[in-house]
Amino acid sequence: MNGRLTPELVRTAPKVVLHDHLDGGLRPRTVLELADACGWSLPAHTEADLARWFRESADSGSLERYLETFEHTVAVMQTAPGLERVARECVLDLADDGVVYAEVRFAPEQHLEKGLSLDEVVEHVLEGFRAGESEVAASGRRIRVRCLLTAMRHAARSLEIAELAVRFRDRGVAGFDIAGAEAGNPPSRHLDAFEYTRAANAHFTIHAGEAFGLPSIHEAVAFCGTDRLGHGVRIVDDIEVHADGTATLGRLANYIRDKRIPLELCPSSNVQTGAVRALSEHPFDLLARLRFRVTVNTDNRLMSDTTMTQEMVRLVDTFGYGWVDLERFTINAMKSAFLPFDQRLELIDDVIKPGYAVLVG
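Values in this document were obtained by computation on a predicted structure and should not be read as measured data.

Trainee: Which parts of the structure should I look at to understand the side chain of Asn332?
Mentor: With respect to the element layout, Asn332 can be found in helix α15 (residues 323-336). Accessibility expressed as a relative area gives 8% for Asn332, which makes it buried. For Asn332, the side chain forms a polar contact with the main-chain oxygen of Val294, separated by 3.0 Å. In contact with Asn332, other than residues within four places in its own chain, are Phe292, Arg293, Val294 and Thr295.

Trainee: Whenever I open this one, the packing of helix α6 (residues 80-96) against helix α7 (residues 118-138) confuses me. Can you help?
Mentor: Packed helices, taken two at a time, are described by the angle between their axes plus the distance between the axes. Direction vectors running N to C along α6 and α7 enclose 35°, while the axes themselves pass 7 Å from each other. When the axes of α6 and α7 are compared, the crossing they make is right-handed. Within the contact between the two elements, α6 uses Ala80, Leu83, Glu84, Ala87, Arg88, Val91, Leu92 and Ala95 and α7 uses Val121, His124, Val125, Glu127, Gly128, Phe129, Ala131, Gly132, Glu133, Glu135 and Val136. For the contact of α6 with α7, a count of residues per class yields 11 nonpolar, three polar and five charged.

Trainee: How should the UniProt feature "site: Important for catalytic activity" (unreviewed entry) in the protein be read in this particular structure?
Mentor: As annotated by UniProt and renumbered to match this structure, "site: Important for catalytic activity" (unreviewed entry) occupies His231. Here His231 shows up in strand β6 (residues 228-231). Contact partners of His231, with chain neighbours within four places excluded, come to His19, His207, Ala208, Gly209, Glu210, Leu263, Glu264, Leu265, Cys266, Ser269, Asn270 and Asp299. A polar contact of 3.4 Å, which involves the side chain of His231, links it to the side chain of Glu210.

Trainee: What am I meant to see in the environment of Leu126 here?
Mentor: Assignment of secondary structure puts Leu126 in helix α7. Taking C-alpha positions, Leu126 is 8.0 Å from Arg171, a pair spaced 45 residues apart along the chain. Once residues lying within four places of it in the same chain are set aside, the contact partners of Leu126 are Cys147, Phe168, Arg171, Gly172 and Val173.

Trainee: Teacher, can you tell me more about the packing of aromatic side chains here?
Mentor: In this description, a pair of aromatic rings is defined by centroid distance and the angle of the planes. Across all of its chains, the model carries eight aromatic pairs by this definition. Judged by centre distance (5.8 Å) and plane angle (55°), the ring pair of Phe176 and Phe194 falls under tilted. With Phe176 in strand β4 (residues 173-179) and Phe194 in helix α9 (residues 191-199), the pair connects residues that are 18 residues apart, well separated along the chain. The two residues Phe176 and Phe194 agree in class, both being buried. The ring of Phe168 carries Arg171 above its face, with NZ or CZ at 4.0 Å from the centroid.

Trainee: Honestly, helix α16 (residues 341-360) in this entry has me stumped. Any pointers?
Mentor: Turn by turn, an α-helix covers 3.6 residues, leaving residues three or four places apart pointing in a common direction. Helix length check: α16 (20 residues) gives 26 Å between terminal C-alpha atoms against 28 Å at 1.5 Å per residue, within 8%. At Ile348, α16 shows its strongest bend, of approximately 35°. Here α16 has its buried residues at Arg344, Leu347, Ile348, Val351, Ile352, Tyr356 and Leu359. Just beyond α16, the residue with positive phi is Gly361, at close to 75°.

Trainee: What should I look at first to understand the UniProt feature "binding site: substrate" (unreviewed entry) in the protein in this one?
Mentor: Per the UniProt record, "binding site: substrate" (unreviewed entry) is found at His21, Asp23 and Gly180. In three dimensions, the annotated residues from a span of 160 residues occupy one location, with a maximal C-alpha spread of 13.1 Å. Structurally, His21 can be placed in strand β1 (residues 15-21). The class of His21 is buried, set by a relative accessible area of 12%. Filtering out sequence-adjacent residues up to four positions away, His21 remains in contact with Val104, Arg105, His207, Asp299 and Asn300. A polar contact is formed between the side chain of His21 and the side chain of His19, at a distance of 3.4 Å. For Gly180, the position within the fold is in the loop between β4 and α9. Residue Gly180 is classed as buried on the basis of its relative accessible area, which comes to 15%. Apart from residues lying up to four places away in sequence, Gly180 is in contact with Leu67, Met152 and Arg153.

The rules behind these values
Residues numbered from 1 in each chain as written. Predicted model: local features only at pLDDT ≥ 70, side-chain atom pairs only at ≥ 80, totals over all residues. Heavy atoms only, no water. Helix = DSSP H or I, 4+ residues; strand = E, 2+ residues; numbered from the N terminus. Buried < 20%, exposed > 50% of the residue type's maximum accessible area, 1.4 Å probe, protein only. Polar contact = N/O pair within 3.5 Å; in protein donor to acceptor, adjacent residues only side chain to side chain. Contact = heavy atoms within 4.5 Å. Axes fitted to C-alpha atoms, helices over the stretch in contact; angles between N-to-C directions. Left-handed = near helix turned anticlockwise from the far one by under 90°. Nonpolar A, V, L, I, M, F, W, Y, C, P; charged D, E, K, R; others polar. UniProt positions renumbered as here; feature names shortened; annotations may be inferred. Phe/Tyr/Trp six-rings, centres within 6.5 Å; stacked < 30°, edge-to-face > 60°. Lys NZ or Arg CZ within 6 Å of the ring centre and 35° of its normal. Expected span 1.5 Å × (residues − 1). Bend = angle between axes of the 7 residues up to and from the residue.

So this is what it looks like as structure tokens:
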């Protein structure tokens, strides 16, 4: 551990998370109780055993296997009470971890099995977020949580979900996203959704460059015009590192760095899904040293058995970062948030910088 960067102190640092899946962050106890209420069969029946099952299943090294774990969480998020509870607890858990701003994403099309409409699904999630924010505020703390609406890239509802995101843009939805298995489902298949979003002057991010390489990133940037890259870790394939430690960037890597396109990097998740072999081999540090707009994210807190604090501590332990580095990554994320400029600036100047100033001493 680097100097005074203990896990306890890192937990108190103000954090910003841009890539966190609502259906990947449930409390194991909540999964058990909601499954019991709706009659859903789970692979384990105690809180500890269920948490272990999610973590071990997600440790397979395969993105496809990793995604299978969501069958159980999505199954218990099909009712208004279930959605509101999960959303409220998400806010509380993030706030307890020192997060001051979060964009939490989920796919409304996956929550229609009990008769809710797309609009109702979004309304109930936002209601849960508001309830959680109020509870945090009542305890004297501060967190702001906005939502990203995700379309599944193997399905055909992306334009509908993009329209939904724009419809709710003034009620707590920050933007649009596509997710799911990348191979065979290029982002350009959903070009109409991205064109609609751009025409509406709305924000969007694209899962790209996680399980699949540079072609996915290139399409997301060149064809779709994404504001951010969800993961984007495989951009390292367009960077040649020389024996003396210097690096030569290819045209795509140069463009992404020059344009300050944010990378929503999720270190622990990338190891679990096989995007990188080990945290020590994660290109996070290379990308940070080359001054890409890197951000730290959780991806799926339940499946990766992680928090923002743990992600930061793992990076500190692996790459020797200090408070100045963690502050830079946090400000990178806040600069990249789908929030109006003045509100981003307020959080940077009034919350993030003062919070780190205390820790740096």
